[in-house]
Amino acid sequence: MHILLTGGAGYIATHTCLQLLAAGHTAVIVDNFVNSKPEAVRRTEELAGKKVELIEADVADRAAMEAVFSAHHFDAVIHFAGLKAVGESVEQPLRYYRNNLDTTLTLCETMAAHGCKRLVFSSSATVYGVPDKVPLREDMFCKGCTNPYGWTKYMIEKILQGVCNADPEWSVVLLRYFNPIGAHESGRIGENPNGIPNNLMPYITAVAAGRLSHLNVYGNDYKTHDGTGVRDYLHVMDLADGHVAACDYAMAHSGCEIINLGTGIGYSVLDIVNAFERVNGIKVPYVIGPRRAGDVDMVYADPEKAKRLLGWSAKRNLDDMCRDSWRWQKNNPNGYEA
Ligand code: UD1
C-alpha cells in the first residue's frame, strides 16, 4: 500500500511509519514541524533502510494538499496531524478548534476529490470523558470531554462518522489510543516533548536524567489499589502495529469503526515509578501532591474489539515500556537536537 501520514514526523507517526515500511508499504509524510523535527523522519528512514518522501506543509493548506494528492495515488491516509496538549487547549481553545478541525476538513475534501476514501484517524480515550465504569468499551455513551483538545477529537469522530453515513465508499477507522509510552528499541526515535513534559512517562525520564528534581504525583486519594491514578499504558511499537492492522482493515471494509488501542491492563502512577526504578536501576524521587484538575481515578480499555476486528493485541509489557523509554532519553538527552 502507498500511505499518506499527516503529522508523520511526530512520536506515534514515526513509529508507525517504521512498521509500515517493515511490512512492505510505502509512505509519504506531510508535516509542518510545529511540534516535530525532520530529524525524526531521517532516523526513521535510517532504521528502516528505506526512503520516505517528506513534504513540509500544513494539512489545512488546500493548495499544498491538492498538490500532494495530484502527485500521488494513495491507498489510504493515516491522519495524525493535530495539536495535542490538554492544558494548552484550555488556554487557546480557538487555535485548537481551528487547527484540528480545519486540517481534518481540508484533508477529507481533498481525499474525496481524488477518490481516496480510506482513512485511519488518531482519536483518543479522552473522548470517553469521565467514565462511569471501566473497562471502556467503544459502544459506551460519551457524556462529554473535559477540555477543548478532547472535544476536537470527539467532533472529528462525529464528522468522519457523518462522511461514512453519507457515502458508503468511505472506510474510516477511529483509533482511540490509551496512554502510549516507550520508544523503538534502538533508542533512535522516541517522544520529544517541548519544554516541561505534561505526561507521566516523559516527566519520569526527565527526573531520572536529572533535568527535573522530582516527580509530582497528582493525588494519592483516588479509589485505586494504592490511591494514585490508574491508566492503560501501551508500548508505542504495539500502537504502531495497531495502525498497520487498521490500514489493512480499512482496505477490506467500508463504513466507520471505532476501535480502542490499549492493553486492557491498568497501572497506577506508583506502579509505573516502581517498575521504572526496578528495570533501569535508577531512583525516581517523587512527592505526593494535590490532584490535577480534570484527572479521573481509573481509565483502561476493553481491547476485545481490536482483537476481533484487527487481530491486534499488545505484545510488549510494562518492563519493555520502561526500558525503552529510558534508553531513548538516555541516548538522546536533548531529543532530536544535536
Ligand atoms: C492525558 C490527557 C489525554 C491525552 C493523553 C495523551 C488529561 C486530562 N488527559 O491523559 O487527553 O490523550 O494525556 O497521552 O490531561 N501524573 C502524575 N504526575 C505527572 C504527570 C502525570 O502523577 O507529572 C499522573 C496523572 O495524574 C495520571 C497519570 O499520571 O494519573 C497519567 O497522566 P498523563 O500521562 O498526563 O496522561 P492522562 O492524564 O491519562
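Residues numbered from 1 in each chain as written. Predicted model: local features only at pLDDT ≥ 70, side-chain atom pairs only at ≥ 80, totals over all residues. Heavy atoms only, no water.

J.: Please clarify how unusual backbone geometry should be interpreted in this entry.
T.: Both trends apply: most residues other than glycine have a negative phi, and most peptide bonds are in trans. With an omega of 0°, the peptide bond between Val134 and Pro135 qualifies as cis. Inspection of the secondary structure assignment puts Pro135 in the loop between β5 (118–124) and α6 (148–166). (Helix = DSSP H or I, 4+ residues; strand = E, 2+ residues; numbered from the N terminus.)

J.: Explanation requested: the packing of aromatic side chains in the structure shown.
T.: Considering all chains together, one arrives at five aromatic pairs under this definition. Centroid distance Phe69 to Phe74: 5.3 Å. Interplanar angle 75°. Geometry classified as edge-to-face. You'll find Phe69 and Phe74 in the same group, each marked buried. Centroid distance Trp151 to Tyr154: 5.2 Å. Interplanar angle 80°. Geometry classified as edge-to-face. Of this pair, Trp151 and Tyr154 are both found in helix α6, three residues apart, which corresponds to roughly one turn of the helix. What makes Trp151 partly exposed here is its relative accessible area of 28%. Classification of Tyr154 as buried rests on a relative accessible area of 19%. Stacked on the ring of Tyr128, the Lys or Arg Arg176 has its end atom at 4.7 Å from the ring centre. Positioned above the aromatic ring of Tyr222 is the side chain of Arg291, whose terminal nitrogen or guanidinium carbon lies 3.9 Å from the ring centre. (Phe/Tyr/Trp six-rings, centres within 6.5 Å; stacked < 30°, edge-to-face > 60°. Buried < 20%, exposed > 50% of the residue type's maximum accessible area, 1.4 Å probe, protein only. Lys NZ or Arg CZ within 6 Å of the ring centre and 35° of its normal.)

J.: Got a minute to help me understand the site of the ligand in this structure?
T.: Neighbouring the ligand are 19 residues; Leu200, Asn216, Arg231, Arg292 and Asp295 lie closest to it. One of the backbone N or O atoms of Leu200 is found 2.8 Å from an oxygen atom in the ligand. Between the ligand and Asp295, the relevant distance is 2.6 Å, taken from an oxygen atom to a side-chain nitrogen or oxygen of the residue. Considered on its own, the ligand offers 740 Å² of accessible surface; in the complex 87% of this is hidden by protein. (Near = heavy atom within 4 Å. Polar contact = N/O pair within 3.5 Å; in protein donor to acceptor, adjacent residues only side chain to side chain. Areas by Shrake-Rupley, 256 points an atom, 1.4 Å probe, with all protein chains shown as cover.)

J.: I keep staring at the packing of helix α7 (residues 200–208) against helix α11 (residues 318–331) and nothing clicks. Help me out?
T.: For any two helices packed against each other, the geometry comes down to the angle between their axes and how far apart the axes lie. Two numbers describe how α7 lies on α11: the axes approach to 10 Å, and their chain directions differ by 55°. Taken together, the axes of α7 and α11 lie oblique to each other. Note on packing geometry: the crossing formed by α7 with α11 is right-handed. Counting all contacts with α7, which are made through Met201, Thr205, Ala206 and Ala208, the residues of α11 involved are Cys322, Ser325, Trp326 and Gln329. Across the contact of α7 with α11, the residue classes tally to five nonpolar, three polar and no charged. (Axes fitted to C-alpha atoms, helices over the stretch in contact; angles between N-to-C directions. Parallel < 35°, antiparallel > 145°, perpendicular 65-115°, else oblique. Left-handed = near helix turned anticlockwise from the far one by under 90°. Contact = heavy atoms within 4.5 Å. Nonpolar A, V, L, I, M, F, W, Y, C, P; charged D, E, K, R; others polar.)

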